[in-house]
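Topology and contacts: notes
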Amino acid sequence: MKTKLCRYALRKVSKEFRVTEYDIGPDQHLSRYGMNFATHSYEIEDIGHLCVMTMKAFWGLMTMETVVISPVERDLPLFNIDRVSAFGKETLLIEIYDTQIEPLDADIQESFHALLERDSAVSDVESKPHWYDEIRYPFSYGKAGKGLSQQFERAQKDYLGTFLQALKNAPTCDREAKLEKNREFAEKLVENDGPAVNTMRSLFGEETMKRVVLDHMYGVG
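Residues numbered from 1 in each chain as written. Predicted model: local features only at pLDDT ≥ 70, side-chain atom pairs only at ≥ 80, totals over all residues. Heavy atoms only, no water.

1. Considerations on the packing of aromatic side chains
- Summed over all chains, the structure comprises 13 aromatic pairs.
- Pairing Tyr141 with Phe152 gives two aromatic rings, centres 6.2 Å apart and planes at 80°, and the pair type is edge-to-face. With Tyr141 in strand β8 (residues 141–145) and Phe152 in helix α3 (residues 149–169), this residue pair connects regions lying 11 residues apart in the sequence.
- A relative accessible area of 1% means that Tyr141 is categorised as buried.
- Judged by its relative accessible area of 0%, Phe152 is buried.
- Clustering of aromatic rings is evident, with ring pairs tying together Phe112, Tyr137, Phe139, Tyr141, Phe152 and Tyr159. (Phe/Tyr/Trp six-rings, centres within 6.5 Å; stacked < 30°, edge-to-face > 60°. Helix = DSSP H or I, 4+ residues; strand = E, 2+ residues; numbered from the N terminus. Buried < 20%, exposed > 50% of the residue type's maximum accessible area, 1.4 Å probe, protein only.)

What follows is the structure in structure tokens.
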């Protein structure tokens, strides 16, 4: 069940880097109470980890696509796209988290800021305070509304393209130090009970939730 965003992201990453899929067994397809999840987990050679996940519920009236890139060989942020469609409303979250060893290059930051500014007229997602606010870069993208498909398609493609270009040009880094930064983020995500984590826990239990989030999504298990 790889739908539009996930298919596009996997194709783009595979074009730039060597990608090998992991066998994650029965976790690849999880279903309960009409909510169907499909997860695919990959190694990006000399870069890190890639996960694409889709969810469908309510006979397709609600869909979600998630793309996560977790660099461990290059000192760049965690990169996370969530595209949600629910009963006619669309939400696009492109969240970029500072899990770096050294500060992010100013030119890369400026490129992302320009993409965010381009859609400044689109309504921001209403959000409560979260534990990760202090490490989420201000050029992260969070927009929602109706009739925004074309703008969201452009935004997700351009953000992903900018990030992949940065990955190609970034120098290598201490793998273990970078992996520990990613692990700290993923474990806090599990501990702090976000909506996605709570949904996965309530549907499939603590053990499966941790395996999906830590192992398959972020590659830190």
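2. Notes on the environment of Ser140
- Along the chain, Ser140 falls in the loop between α2 (106–118) and β8.
- C-alpha separation for the pair Ser140 and Tyr218, spaced 78 residues apart in sequence, amounts to 18 Å.
- Excluding anything up to four places from it in sequence, Ser140 contacts Ile94, Glu95, Ile96, Leu116 and Tyr159.
- Separated by 3.0 Å, the side chain of Ser140 and the backbone nitrogen of Ile96 make a polar contact.
- A polar side-chain atom of Ser140 sits 2.9 Å from the main-chain carbonyl oxygen of Tyr137. (Contact = heavy atoms within 4.5 Å. Polar contact = N/O pair within 3.5 Å; in protein donor to acceptor, adjacent residues only side chain to side chain.)

3. A look at a nonpolar patch on the surface
- Nonpolar side chains collect at one region of the surface, where Phe58, Trp59, Leu61 and Phe87 lie side by side and expose about 570 Å² of accessible area between them.
- Looking at the element boundaries, Trp59 is found in the loop between β4 (48–57) and β5 (62–71).
- Classification of Trp59 as exposed rests on a relative accessible area of 85%. (Patch = residues over 30% accessible without salt bridge, like charges linked within 9 Å, V, L, I, M, F, W, Y side chains within 5 Å. Areas by Shrake-Rupley, 256 points an atom, 1.4 Å probe, with all protein chains shown as cover. Salt bridge = Lys/Arg side-chain N within 4 Å of Asp/Glu carboxyl O.)

4. Side note on the layout of surface pockets
- Approximately 1200 Å³ is the volume found for the largest pocket.
- Lining the largest pocket are 44 residues, with Asp82, Leu93, Glu95, Tyr132 and Pro195 sitting closest to its centre.
- Split by residue class, the lining of the largest pocket holds 25 nonpolar, 11 polar and 8 charged. (1 Å grid on protein atoms, 1.4 Å probe; cavity = no way out; pocket = protein on both sides within 12 Å on 5 of 7 lines; lining within 4 Å. Points joined across faces, edges and corners; volume = space filled by probe spheres on them. Nonpolar A, V, L, I, M, F, W, Y, C, P; charged D, E, K, R; others polar.)

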